[in-house]
Amino acid sequence: MRRALLAWYRRWARDLPWRRTRDPYRIWVSEIMLQQTRVETVLPYYERFLAAFPTVRALAASSPASVLRCWQGLGYYTRARNLHRAAQTIVAQRGGRLPESAAEWRNLPGVGRYTANAIASIAAGEAVPVVDGNVQRVLARLFAIRACIDDSATQTRLWQLAEMLLARRAAGAFNQALMELGARICTARRPSCTVCPLRSQCRARAEGLQERLPVRRSKRPPRQVELVAAWVRHAGRLLLVRRPAAGLLAGLWTLPGTEVRDGQPPARVLRASLRQALGIEAEVGERIGLVRHAFSHRRWVVHVYACRLSPRRRPVRAAANMRWVDRAQLGEYALAAVDRKLLALAR
Ligand code: SF4
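Rules behind the numbers
- Residues numbered from 1 in each chain as written.
- Predicted model: local features only at pLDDT ≥ 70, side-chain atom pairs only at ≥ 80, totals over all residues.
- Helix = DSSP H or I, 4+ residues; strand = E, 2+ residues; numbered from the N terminus.
- Axes fitted to C-alpha atoms, helices over the stretch in contact; angles between N-to-C directions.
- Parallel < 35°, antiparallel > 145°, perpendicular 65-115°, else oblique.
- Left-handed = near helix turned anticlockwise from the far one by under 90°.
- Contact = placed C-beta atoms within 7 Å.
- Nonpolar A, V, L, I, M, F, W, Y, C, P; charged D, E, K, R; others polar.
- Buried ≥ 20, exposed ≤ 12 C-beta atoms within 10 Å, placed from the backbone.
- Domains from an automatic or database assignment.
- Core = buried A, V, L, I, M, F, W, Y, C linked by C-beta atoms within 7 Å.
- Pairing = 2+ DSSP bridges.

Draft legend 1. Summary view of unusual backbone geometry. Going from leucine 213 to proline 214, the amide bond is cis rather than trans, its omega being 0°. One can find proline 214 in the loop between helix H12 (203–206) and strand E1 (223–234). The residue arginine 190 is not glycine, and still its phi comes out positive at about 45°. Within the fold, arginine 190 resides in the loop between helix H11 (171–184) and H12.

Put into structure tokens, the structure is as follows:
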């Protein structure tokens, strides 16, 4: 099985930039970016990020805002904050020397068992297994595991199987091969069993179960949340606010606004929110439009209103979490994908 998988990988592996290096810093960045994110999405971000922060010292010396700016649009922003914090820890506590084993990698923020093992096996050849979403699927099918793979007992079993199968002298290539097989051949829907290098050993295929495995716990549908946002201009500038330091999209900039509960009048809620949160008196005008955005666990529907500062209450004080921004300066502010949709709509 190991020989067949490694031979297939050598022949068919995609040529990806992080596969052309053994530099642990570059592999670390790629592994963090690839969490919950597709390869095609990551590619341009990876190049840009490494051009901006070519070494762990450069990353540690940068500001959190510049790291977020480089990450904007990639989602799951806690990853960027943890990467930055981890770089600062490496410089402060290890003199800039990167960890050399999976155990050392795991001491850093944002680095769990999968990520630590992936970096250590790929960069240093350490004989440690990996189990990510792709590997879970491949193993569940290879061994025809009918138990729910979200259960902790099944997770333990999957890690044991990955450890047992591991090609210890080529751990990095083997781990990547297993993940590549899950991404390219043993896909969630319609696995390409006829061209799979493991087809003769696969129990799911033998039993005709490949499309029914793995078994997953059914997910709750994402909750829909209604929000209102204000497009406020004053002296040719647009009002942006920074989200709180914790929570969804923490620290990123957006239009001011708030959540609206069922039955609440949106314009009144927005006016009250501007007054209470920012000390701004504004007249809420027409609705410019609506933006929908899906996160993994919730769906936002954001209604955007054109607002005018009330003539009685100008100028507006500038709180630390708000800025009046020229159009030309917008690029200096880290915005999430949903906020770029809001700005595009209002323009
Ligand atoms: S034979 Fe099919 S189900 Fe089995 S590992 Fe290969 S692609 Fe997956």
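Having seen the model, we can carry on.
Draft legend 2. Local environment of the packing of helix H5 (residues 64–71) against helix H6 (residues 78–94). Running from N to C, H5 and H6 point in directions that differ by 135°, and their axes come no closer than 10 Å. The angle between H5 and H6 falls in the class oblique. Read as a crossing pair, H5 and H6 show a hand that is right-handed. Counted together, Pro64, Val67, Leu68 and Trp71 of H5 and Ala80, Arg81 and His84 of H6 form the full contact between these two elements.

Draft legend 3. A look at the packing of helix H2 (residues 24–34) against helix H8 (residues 113–124). The contact between H2 and H8 brings their axes to 10 Å, and the two run at 145°. Considering only the axes of H2 and H8, their crossing is right-handed. Side by side, H2 and H8 meet where Pro24, Ile27, Trp28, Glu31 and Ile32 of the first sit next to Thr115, Ala118, Ile119, Ile122 and Ala123 of the second. Residue classes in the contact of H2 with H8 are distributed as eight nonpolar, one polar and one charged.

Draft legend 4. Inspection of H2 at higher detail. Counting buried positions along H2 gives nine out of eleven residues, so the element sits mostly inside the fold. For H2, the secondary structure elements touched by its buried residues are helix H3 (39–52), helix H4 (56–61), H6 and H8. Glutamine 36 sits one or two positions beyond H2 and adopts a positive phi of about 60°.

Draft legend 5. Quick peek at the domain arrangement of the protein. Partitioning the protein into domains gives domain 1 (2–128) and domain 2 (223–346). Here the C-alpha centre of domain 2 lies 34 Å away from the C-alpha centre of domain 1. With eight residues of domain 1 at the contact, the number on the domain 2 side is eight residues. Considering only residue class, the side of domain 1 that touches domain 2 consists of four nonpolar, three polar and one charged.

Draft legend 6. Region of interest: the nonpolar core. Counting residues in hydrophobic clusters, the biggest one holds 93 residues, and the most contacted among them are Ile119 and Ala230. Beyond its immediate sequence surroundings of up to four residues, alanine 230 is in contact with Leu255, Pro256, Gly257, Leu270, Leu274, Ala282, Tyr305 and Cys307.

Draft legend 7. Seen up close, the pairing of E1. Note: E1 against strand E6 (residues 298–309), eleven bridges, orientation parallel. Across the sheet, the residue bridging to alanine 229 is valine 304, located in E6. Alignment of E1 against strand E4 (residues 257–259), held across three bridges, turns out to be antiparallel. By the bridge assignment, alanine 229 is partnered in E4 with glycine 257. Bridging between E1 and strand E2 (residues 237–242) involves two bridges; their strand directions are antiparallel. The partner of arginine 233 across the bridge, within E2, is leucine 238.

Draft legend 8. Up close: the environment of glutamate 226. As for its position among the elements, glutamate 226 is in strand E1. Residue glutamate 226 is classed as partly exposed on the basis of its 17 C-beta neighbours within 10 Å. Taking C-alpha positions, glutamate 226 is 15 Å from aspartate 339, a pair spaced 113 residues apart along the chain.

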